[in-house]
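Topology and contacts: notes
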Amino acid sequence: MTIWGENLTAVLCYHDLCKPRESGSWLKVDIDRFERQLVALKKIGTFVRPDALLEPSLLTRSRLNLLLTFDDGFINNLRLGLPVLKRHGVPALFFISTEYMESGEPFWFDRLIRPIEHYCLPGIDLRHLGLGEYSFSPVKGAKRWDDIQLLLEDVKKLDESQDGQLVDRILAVLLPDDHQANNFYEDDRPLNKDELMAMQRSGICCFGSHGHRHRILTKLGDDSLKEELQQSRSILEELLGEPVKHISYPNGNVDSRVVENCREAGYLFGYTIAPGRVSPENDHFRIPRVMVGGFDTTARVLINLARGLLRTGPQAE
Ligand SMILES: [Zn+2]
């Protein structure tokens, strides 16, 4: 028994990783910074496998239990992240959007972020598309990211964004006439099937669903919701040859209808983006996570983790 009580557990959520000093986005954590964070976290806790979550016999009782998760399934998780995870013997759970794994197409948000960053665009006027006029801070960093985020949030609000048509129309405005190269996404593209299997063979990578098309589940009709949940699970199970029990909700959006459908589709655990600690009393389909972003120092990660541990998270219904 510690001052926190027995089996104290928290889940951390990362997305992209990038080469040292290249982060200009909240989604991307500099790999050197990521390694420093792991070292600091190992001093205060023990990283566990996802199967240990909420299974008291598999958790350590004397230390904080930590589960490391990554959303979206980017190639940089393999190229940059896996060597670090191996070096420190840290297992992790990766949430994959299976249509992106199969098609290799970049996520809609990366299709917008990468050209804005590549061409250092100062702004864009999208009022003719029902959006706004956006200006981006000239200095790479948190302020510029916040500015870009305003555009992403507006796009996310429009249903069209989920089919990529609105993104296509924005790109027609964003990209200069002489735009040729389309290699923006080499470090940001989704993992493919072979890469996922290579990660599985490492013995420290586990996988869960992040939906088939990364759609916001609460916005889908019943049939599309079922398809989104079942398709991604069956594709991953066939590929990996093991049951897929975990799902992280794209954009964190979940409601009771989504939970019921996840349960019916065979999932056992659902992950949100709300901070909190994990306990046996938690609703298994509303597991809280502490988010880690590209502008978080190691000290900030530890503070956010401590704050998360003070919150109980949603209780089981
Ligand atoms: Zn996502």
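Residues numbered from 1 in each chain as written. Predicted model: local features only at pLDDT ≥ 70, side-chain atom pairs only at ≥ 80, totals over all residues. Heavy atoms only, no water.

**Concerning the domain arrangement of the chain**
Quick reminder of the rule: What marks off one domain from the next here is an automatic or database domain assignment. We call two residues in contact whenever any of their non-hydrogen atoms come within 4.5 Å of each other. Two parts placed together each lose some accessible area; with a 1.4 Å probe, that loss summed over both constitutes the buried area. In what follows, salt bridge is the name for a side-chain nitrogen of Lys or Arg lying within 4 Å of a carboxyl oxygen of Asp or Glu. Polar contact is the term for a pair of N or O atoms within 3.5 Å; when the atoms are in protein, one must be able to donate a hydrogen and the other to accept it, and sequence-neighboring residues count only if both atoms are side-chain atoms. We call Asp, Glu, Lys and Arg charged. Ala, Val, Leu, Ile, Met, Phe, Trp, Tyr, Cys and Pro are nonpolar, and the rest, Gly among them, are polar.
According to the domain assignment, the chain contains domain 1 (9-103 + 190-309) and domain 2 (108-174). Domain 1 puts 18 residues into the contact, and the matching count from domain 2 is 15 residues. Buried surface at the junction of domain 1 and domain 2, both sides included, amounts to about 1,200 Å², of which 53% is carbon and sulfur. Viewed at the interface, domain 2 and domain 1 are joined by 0 salt bridges. Linking domain 1 with domain 2 are 2 residue pairs in polar contact (both at pLDDT 80 or more), by the criterion used here. Split into classes, the residues belonging to the side of domain 1 that touches domain 2 amount to 7 nonpolar, 5 polar and 6 charged.

**A short note on the pattern of salt bridges**
Put simply, the rule reads: Secondary structure counts use DSSP, requiring at least four H or I residues in a row for a helix and at least two E residues in a row for a strand, with both numbered from the N terminus. Burial classes: relative accessible area under 20% of the type maximum marks a residue as buried, over 50% as exposed, and values in between as partly exposed (1.4 Å probe, protein chains only).
All chains considered together, the criterion is met by 23 salt bridges. With its nearest N and O atoms 2.3 Å apart, the salt bridge here joins Lys 28 to Asp 188. A residue pair is termed long-range when its members are at least 10 positions apart, and Lys 28 in strand β3 (residues 28-30) and Asp 188 in the loop between α6 (165-174) and α7 (193-201) qualify at 160 residues. Looking at Asp 188, the relative accessible area reads 1%, which means it is buried. Because the salt bridges share partners, they merge into one network encompassing Asp 16, Lys 28, Arg 114 and Asp 188.

**So, the nonpolar core**
To keep it simple, the criterion reads: Put simply, buried Ala, Val, Leu, Ile, Met, Phe, Trp, Tyr and Cys residues joined by side-chain atoms within 4.5 Å make one nonpolar core.
If you look at the biggest cluster of nonpolar residues, it comprises 53 residues, and the most contacted ones within it are Leu 12, Tyr 14, Phe 34, Leu 68, Leu 85, Phe 94 and Leu 305. Here the element with the most residues in this core is helix α8 (residues 222-240); it accounts for 6 residues. Ranked by size, the runner-up nonpolar core spans 26 residues in total, among them Tyr 100, Trp 145, Leu 152 and Val 155.

**Let's talk about unusual backbone geometry**
With phi around 90°, Asp 72 is a residue other than glycine that occupies positive phi space. Within the fold, Asp 72 resides in the loop between β5 (64-70) and α2 (75-88). One non-glycine residue, Asn 251, lies in positive phi territory at about 65°. With respect to the helices, strands and loops of the structure, Asn 251 is situated in the loop between β10 (246-248) and α9 (256-264).

**Comments concerning the packing of aromatic side chains**
For clarity, the cut-off: Centre distance within 6.5 Å is the pairing criterion for rings of Phe, Tyr and Trp, where only the six-membered ring of Trp is used; planes under 30 degrees apart are then read as stacked, over 60 as edge-to-face, and the remainder as tilted. Sitting over a ring, as applied to charges here, requires NZ of Lys or CZ of Arg to be within 6 Å of the ring centre and within 35 degrees of the ring normal.
Enumeration according to the criterion identifies 10 aromatic pairs in this entry. Ring centres 5.0 Å apart and planes at 10° place the aromatic pair Phe 70 and Phe 94 in the stacked group. Taken as a pair, Phe 70 in strand β5 and Phe 94 in strand β6 (residues 92-96) lie far apart in primary sequence, 24 residues in all. In this pair, the class of Phe 70 matches that of Phe 94, namely buried. Lying across the ring of Tyr 267, Arg 233 places its NZ or CZ 5.7 Å from the centre.

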